[in-house]
Amino acid sequence: MLDDRLLGTTFVLPTSARHGEITLYGIHYHYRVNDDAVAGDLVVVNAVSPLFLGVVKPEHRLKY
């Protein structure tokens, strides 16, 4: 299972595709864009599942 410590990690989207693959800390992860982010936007990981990381632009990040 993926580590919840990835929550809050930021990276720049390499493409405008709604899903893709990114390398974080030397490990390849699948991600899914959950808002209107496009290539070149800074995104933050706001959900972790065994299948993918959910990412959104920082201004759309849920606040608890």
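Keep in mind it's a predicted model, so treat the numbers as computed, not measured. (Residues numbered from 1 in each chain as written. Predicted model: local features only at pLDDT ≥ 70, side-chain atom pairs only at ≥ 80, totals over all residues. Heavy atoms only, no water.)

Which residues make up unusual backbone geometry, and what values do they have?
In this structure, Tyr25 takes a positive phi of about 55° despite not being glycine. Along the chain, Tyr25 falls in the loop between strand E2 (19–24) and strand E3 (27–33). (Helix = DSSP H or I, 4+ residues; strand = E, 2+ residues; numbered from the N terminus.)

Go over the pairing of E2, please, and point to the residues and values.
Sheet topology note: the E2/E3 ladder contains 6 bridges and is antiparallel. Across the sheet, the residue bridging to Leu24 is Ile27, located in E3. A loop of 2 residues connects E2 with E3, the two strands running antiparallel in sequence, and Tyr25 in this loop sits at a positive phi of about 55°. (Pairing = 2+ DSSP bridges.)

Requested: an account of the sheet that holds strand E4 (residues 42–48), with residues and values cited.
What the 5 strands build is an open sheet, ordered E1-E4-E5-E3-E2; its pairing is mixed. The outermost strands of the open sheet, each flanked by one partner alone, are strand E1 (10–12) and E2. With strand direction ignored, the average angle separating the axes of adjacent strands in the sheet is 45°. (Axes fitted to C-alpha atoms, helices over the stretch in contact; angles between N-to-C directions.)

Pulling in residues and values, what's your account of the pairing of E4?
Note: E1 against E4, 3 bridges, orientation antiparallel. Looking across to E4, one finds that Val12 is bridged to Leu42. Of the pairings in the sheet, the one linking E4 to strand E5 (residues 53–56) comprises 4 bridges and is antiparallel in character. When the sheet's bridge partners are listed, Val44 is paired in E5 with Val56. Counting the residues that bridge the hairpin from E4 to E5 gives 4 residues.

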